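Coordinate analysis (summary)
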Amino acid sequence: MLTKSNNITSNSYESNIEFALETEIFMNRELEKSHGKYIDELRFHNLVKNGEVDKLKIALKLQTTKTIGRMSKNPLRQQMYLFVARTTLTTRFAIEGGLCEEDAYYLSDIYIQKADACVSSDAIWNLAETMILDFTHKVQLARQSPAVSTQIESIVDYIFNHLHTKITLDELASHAGFTPTYLSYLFKKETGLTLTEFMQKKRVTEAQNLLRYSDYSIAEISQYLCFCSQSHFTSIFKNYTNMTPAQYRKAN
């Protein structure tokens, strides 16, 4: 009995999908609407992958419609669903183009959160252009950076994900499967920076973001980013930015 019931439900569901599909195709033919060509979509996203900002700006200007398919009868939901789809594709192509995976995924999350807060379909549409150009610009910058091996890329990702904890050379060497001496040599050879310089630079960059976009005190930021003291944090920060953290926050 149970098996028969499941089969009936399954067949009914499949029939409904087929009916909806045929109806959607018919209606779009009547309205002379289409999703566009896959090859055109591929060309568009390859501009993201190659970091070609100027060409992408031209391609965005040539877009003539804000409606691609119909995912919802509600205009705001329609644009939101479309935005999520475009952001997902843009993120994947940006990663293929050389953008750090973690950076790309976090950026994707932030833009989807921004879209979720929009109250009009036009606002989401405009945000989509900003999102795509931002990803493409970041790919462009990433492609200008010297290429590194898979092992060193793994170390870079590890540092990025552990900025709020103390990181030792032995810990990094164990992660890479190298001796500490060889890792230090290879990292400097491929990046031009020592591991200490690289970690300091990353922590200063994170501190800049926190000073600009958060209400954390300078002492709290120093603690979160594992500087041994606030005075040490100030010294390192000034070394990279020519400003103290307080001066930077005031200026930004």
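Residues numbered from 1 in each chain as written. Predicted model: local features only at pLDDT ≥ 70, side-chain atom pairs only at ≥ 80, totals over all residues. Heavy atoms only, no water.

Side-chain pairing between opposite charges can occur once the charged atoms of the two side chains come close. Enumeration according to the criterion identifies three salt bridges in this entry. Residue Glu52 pairs with Lys55 through a salt bridge whose shortest N-O separation is 3.1 Å. (Salt bridge = Lys/Arg side-chain N within 4 Å of Asp/Glu carboxyl O.)

Compared with the 16 Å implied by 1.5 Å per residue over twelve residues, the 16 Å span of helix 9 (residues 180-191) between its first and last C-alpha is a close match. All of the buried residues in helix 9 are Leu183, Leu186, Phe187 and Glu190. Looking straight down helix 9, one finds its buried side chains confined to an arc of 100°; they lie on one side. Away from its buried face, by an angle of more than 90 degrees, helix 9 presents the exposed residues Thr181 and Lys189. Looking at the buried positions of helix 9, the neighbouring elements they touch are helix 7 (150-161), helix 8 (169-176) and helix 10 (195-213). Within two residues after helix 9, Gly192 carries a phi angle of roughly 80°, on the positive side. (Helix = DSSP H or I, 4+ residues; strand = E, 2+ residues; numbered from the N terminus. Expected span 1.5 Å × (residues − 1). Buried < 20%, exposed > 50% of the residue type's maximum accessible area, 1.4 Å probe, protein only. Arc of directions from axis to C-beta. Contact = heavy atoms within 4.5 Å.)

The next thing to look at is the packing of helix 8 against helix 9. Axis separation between helix 8 and helix 9 bottoms out at 9 Å; the angle between their running directions is 85°. In this view, helix 8 runs roughly perpendicular relative to helix 9, as classed from their interaxial angle. Contacts from Leu169, Asp170, Leu172, Ala173 and Ala176 of helix 8 reach helix 9 at Pro180, Leu183 and Ser184. A per-class count over the contact of helix 8 with helix 9 returns six nonpolar, one polar and one charged. (Axes fitted to C-alpha atoms, helices over the stretch in contact; angles between N-to-C directions. Parallel < 35°, antiparallel > 145°, perpendicular 65-115°, else oblique. Nonpolar A, V, L, I, M, F, W, Y, C, P; charged D, E, K, R; others polar.)

Our next topic: the nonpolar core. The biggest cluster of nonpolar side chains holds 27 residues, and the ones touching the most others in it are Ile159, Leu172 and Leu195. Those elements that place two or more of their residues in this core are helix 7, helix 8, helix 9, helix 10, helix 11 (218-224) and helix 12 (230-241). The next biggest cluster of nonpolar side chains, apart from the first, holds 22 residues, and it includes Leu60, Phe83, Ala94 and Met131. (Core = buried A, V, L, I, M, F, W, Y, C linked by side-chain atoms within 4.5 Å.)

Here the focus is the packing of helix 4 (residues 75-96) against helix 5 (residues 101-116). Relative orientation of the contacting elements helix 4 and helix 5 amounts to 165°, with a least axis distance of 10 Å. What the angle tells us is that helix 4 and helix 5 run roughly antiparallel. Seen along the crossing, helix 4 lies across helix 5 with a hand that is right-handed. Here helix 4 contributes Met80, Phe83, Val84, Thr87, Thr91, Arg92 and Ile95 to the contact with helix 5, which in turn contributes Glu101, Ala104, Tyr105, Ser108, Tyr111, Ile112, Ala115 and Asp116. For the contact of helix 4 with helix 5, a count of residues per class yields nine nonpolar, three polar and three charged. (Left-handed = near helix turned anticlockwise from the far one by under 90°.)

Considering the arrangement of structural elements, one finds Ser214 in the loop between helix 10 and helix 11. Within the local environment of Ser214, its side chain forms a polar contact with the backbone oxygen of Leu210, the two atoms lying 2.5 Å apart. Within the structure, Ser214 has its side chain in polar contact with the backbone nitrogen of Tyr216 (distance 3.3 Å). With residues near it in sequence (within four places) discarded, Ser214 still touches Asn209 and Arg249. (Polar contact = N/O pair within 3.5 Å; in protein donor to acceptor, adjacent residues only side chain to side chain.)

Nothing here speaks to function; it is all geometry.
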